[in-house]
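Here is what each chain is made of, one letter per residue.
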Amino acid sequence: MKICFWGDIGRALADNISGGGEVQIALLAKALSKCGHEVVIIDCQTSEDFVTQDGIEVVRINGKNNCVPIIGTFFNILIQFYRTLLDQHADIYYSRMLDFRHIVYLKRTNAWWIYLHGRQGRC
């Protein structure tokens, strides 16, 4: 099964802690990879594609900084992010962190879409 995660997870895979959600996704990705699943991470902060020693493929968003105007850059990021997600042809897409890119959803695929919101309620 192919599982696709996204976020600033490349640093967490290299044991450079960036945040709690990122570390949890990195641990989940490592465990799934060890079980024989194909794991792909779309990292919004990395500048190059690479594969970790655990066999996890980390993919950058292509064309992320092609536009100069603020609005053009925002829409360009969303379009390129959506294309990068679709290019993965994953069985499951999983996200945990709250991010503006969550307005993008994969209606054109038959994949499962899992999104866990980080807030537990108000105290």
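Everything below is about the structure shown above.
Residues numbered from 1 in each chain as written. Predicted model: local features only at pLDDT ≥ 70, side-chain atom pairs only at ≥ 80, totals over all residues. Heavy atoms only, no water.

Caption draft 1: Geometry of the pattern of salt bridges. This model, assessed by the stated rule, comprises two salt bridges. A salt bridge links aspartate 8 to arginine 11, with the nearest nitrogen and oxygen atoms 2.2 Å apart. Residue aspartate 8 is classed as buried on the basis of its relative accessible area of 15%. Taking the relative accessible area as the measure of exposure, arginine 11 reaches 43% and is therefore partly exposed. (Salt bridge = Lys/Arg side-chain N within 4 Å of Asp/Glu carboxyl O. Buried < 20%, exposed > 50% of the residue type's maximum accessible area, 1.4 Å probe, protein only.)

Caption draft 2: Up close: a nonpolar patch on the surface. Taken together, Phe74, Phe75 and Ile79 make up a surface patch of nonpolar side chains, about 270 Å² in accessible area. Secondary-structure assignment places phenylalanine 75 in helix α3 (residues 70-88). Classification of phenylalanine 75 by relative accessible area gives partly exposed; the value is 47%. (Patch = residues over 30% accessible without salt bridge, like charges linked within 9 Å, V, L, I, M, F, W, Y side chains within 5 Å. Areas by Shrake-Rupley, 256 points an atom, 1.4 Å probe, with all protein chains shown as cover. Helix = DSSP H or I, 4+ residues; strand = E, 2+ residues; numbered from the N terminus.)

Caption draft 3: Geometry of helix α2 (residues 20-34). Across its 15 residues, α2 extends 21 Å between first and last C-alpha, which sits within 8% of the 21 Å expected from 1.5 Å per residue. Gly21, Glu22, Ile25, Ala26, Ala29, Lys30, Leu32 and Ser33 are the residues of α2 that are buried. Next to the buried residues of α2 lie β1 (2-7), α1 (10-13), β2 (38-43) and β5 (92-95). Of the residues trailing α2, glycine 36 is marked for its positive phi of about 100 degrees. (Expected span 1.5 Å × (residues − 1). Contact = heavy atoms within 4.5 Å.)

Caption draft 4: Main features of the packing of aromatic side chains. On inspection of all chains with the given rule, the structure shows two aromatic pairs. With 5.3 Å between their ring centres and 70 degrees between their planes, phenylalanine 5 and tyrosine 94 make a pair best called edge-to-face. Taken together, the residues phenylalanine 5 in strand β1 and tyrosine 94 in strand β5 connect sequence positions 89 residues apart. Among the residues examined, phenylalanine 5 registers a relative accessible area of 1% and is labelled buried. The class of tyrosine 94 is buried, set by a relative accessible area of 11%. Ring centres of tryptophan 6 and phenylalanine 81 lie 5.1 Å apart, and the angle between their planes is 80 degrees; this geometry places the pair in the edge-to-face category. Taken together, the positions of tryptophan 6 in strand β1 and phenylalanine 81 in helix α3 put the pair 75 residues apart, joining distant regions of the chain. Look at tryptophan 6 and you get buried, because its relative accessible area is 2%. With a relative accessible area of 0%, phenylalanine 81 lands in the buried category. (Phe/Tyr/Trp six-rings, centres within 6.5 Å; stacked < 30°, edge-to-face > 60°.)

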